[in-house]
Every structure is written in C-alpha cells, then in structure tokens.
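Summary of structural features
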Amino acid sequence: MTSSTRVPATEVTGVYGALVTAMTRRMFGAVPESIGVMWHHPPVFKALMGLGRKSDSWDRLDRDLASFASMAAASTIGCSFCLDLHHFLTHDRGLDEARAREVPRWRESDVFTPLERRVMEYAEAMSQTPPAVTDELSAALLAELGAPALVELTARIGAMNLSARTNVALGIRSAEFSASCGLPPLATPSREDSASA
C-alpha cells in the first residue's frame, strides 16, 4: 500500500488504539490513514483529539457559525481533510449541510447572512500569516455575538489552525468522509473569488 502522506502510517496498537479504531470505524465506516500517521506519537494524538472533544462542548457560539468558521479557516489554509471532516460533521450533527457546502466559495455565494460572512471573514483573517484581523471586524463581531461567543469563535479558529496546519504539513488529505454518506461535493471558488481572498 502506497502512502499519500509525508510520514507513512504506522499500525495503531494497544488498548487505546483498539478503542480509537473501533470508534472511528463506527463513526466513519473506516479508519483514516491520518490516525496511523499521528499514532507515531500517541501523546500528541491524544492531546489533539482531547482539544477537539473539549471544543465540541463549548456552547456560546451558534453551532452553524462554529462550523462555517472552522471550514473557512480550513479552506484558507488548504486542508482538504479538515474541510471534508467538517462537511461530514454538519450532516452527522444535523446542521445546515447545504450552506456548509458553500463555505469554500462564501464570498460569491448568496446563501449566507451578513453575520455569517463576518464570521468567515474573521476566520480567514485569523488564518493568514501574519493574522489580518482588524479592529473594525472584531468590534462588529463583539457587538453582534457578545464577548463569550467571540472568545469561543477565536479559540475555535485557533484550534482549526493547529489541526489544519498540522495536516497540511504532514500531507494528510481528504479521507472522503462526506462522499461515504452521500453528501454532494463541496463547492469550489471561482478564479475571481480565489484571487480576492
């Protein structure tokens, strides 16, 4: 089997490994190669998964906004694994699949509200190097969301940057979770939209 990642996957072993593979198979129908890549260093894997589980329990930000922000950050960074996973999770969690599908081309799509657009603009600005968040954008989101939701939004985008940049650097790509549950493919931005982002 040829690896598509920069670090070849290793066998996922041990009691915790058996639990991880069983849960992953139940949720996705298969164990993605990314788990084998990260299994080279189980404490790193556990820490990243722990952050993901903890962030799922945060509740000051609307769930669709949280999903759109994570996907916009992943799209900015270019993490196909993260985009695919979060697209799948919109289906799994009963969120707005049709609008989530449009996130990669949110600037040209007409399905998003002004608040949703500001949230995705913030996600993109935070995901640039260096970050390009403006005082005006932060003030607008603070007024609309309140401080607790803005702190959560910022932390979610920061966590997505950690995951997405890790995956891109290791060559971890889409595992086709969305296709496995029959979701249509994610929209792709037009050339004009890509150039303006």
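Notes on the structure follow. Just so you know, these numbers come straight off a predicted model, no measurement behind them.

1. Overview of the packing of aromatic side chains
Applying the stated criterion across every chain yields a total of 5 aromatic pairs. Sitting over the face of the ring of Tyr16, Lys46 holds its NZ or CZ atom 4.7 Å from the ring centroid.

2. Some remarks on unusual backbone geometry
A cis amide bond links Thr129 to the next residue, Pro130, at an omega of -5°. When you line up the elements, Pro130 lands in the loop between helix H7 (114-126) and helix H8 (135-145).

3. Re helix H9 (residues 147-170)
When the terminal C-alpha atoms of H9 are compared, their 35 Å separation across 24 residues agrees well with the 34 Å that a helix rising 1.5 Å per residue should span. The set of residues buried in H9 consists of Ala149, Leu150, Glu152, Leu153, Arg156, Ile157, Ala159, Met160, Asn161, Ala164 and Asn167. In this structure, the buried side of H9 is in contact with helix H3 (42-56), helix H4 (63-77), helix H5 (80-92), H7 and H8. After H9 finishes, the residue Gly171 shows a positive phi value of roughly 75°.

4. Points about the environment of Gly94
Following the sequence through the fold, Gly94 ends up in the loop between H5 and helix H6 (97-101). The exposed category is assigned to Gly94, whose relative accessible area is 63%. Spatially, the C-alpha atom of Gly94 lies 9.7 Å from that of Asp64, the residues being 30 residues apart in sequence.

5. Describing the packing of H7 against H9
With their axes 10 Å apart at the nearest point, H7 and H9 run at an angle of 45° to one another. It follows that H7 is oblique to H9 by the angle criterion. Here H7 and H9 pass one another in a crossing that is right-handed. Residues Val119, Tyr122, Ala123 and Met126 of H7 touch H9, and the partners they reach there are Leu150, Leu153, Thr154, Ile157, Gly158 and Asn161. Considered class by class, the residues forming the contact of H7 with H9 number 7 nonpolar, 3 polar and no charged.

6. Examining the pattern of salt bridges
What the rule picks out here adds up to 10 salt bridges. A salt bridge links Arg118 to Glu144, with the nearest nitrogen and oxygen atoms 2.6 Å apart. Of this pair, Arg118 sits in helix H7 while Glu144 is found in helix H8, placing the two residues 26 residues apart along the sequence. Judged by relative accessible area, which is 37%, Glu144 ranks as partly exposed. Through salt bridges with shared partners, one network takes in Arg101, Glu102, Arg105 and Glu108.

Rules and cut-offs
Residues numbered from 1 in each chain as written. Predicted model: local features only at pLDDT ≥ 70, side-chain atom pairs only at ≥ 80, totals over all residues. Heavy atoms only, no water. Phe/Tyr/Trp six-rings, centres within 6.5 Å; stacked < 30°, edge-to-face > 60°. Lys NZ or Arg CZ within 6 Å of the ring centre and 35° of its normal. Helix = DSSP H or I, 4+ residues; strand = E, 2+ residues; numbered from the N terminus. Expected span 1.5 Å × (residues − 1). Buried < 20%, exposed > 50% of the residue type's maximum accessible area, 1.4 Å probe, protein only. Contact = heavy atoms within 4.5 Å. Axes fitted to C-alpha atoms, helices over the stretch in contact; angles between N-to-C directions. Parallel < 35°, antiparallel > 145°, perpendicular 65-115°, else oblique. Left-handed = near helix turned anticlockwise from the far one by under 90°. Nonpolar A, V, L, I, M, F, W, Y, C, P; charged D, E, K, R; others polar. Salt bridge = Lys/Arg side-chain N within 4 Å of Asp/Glu carboxyl O.

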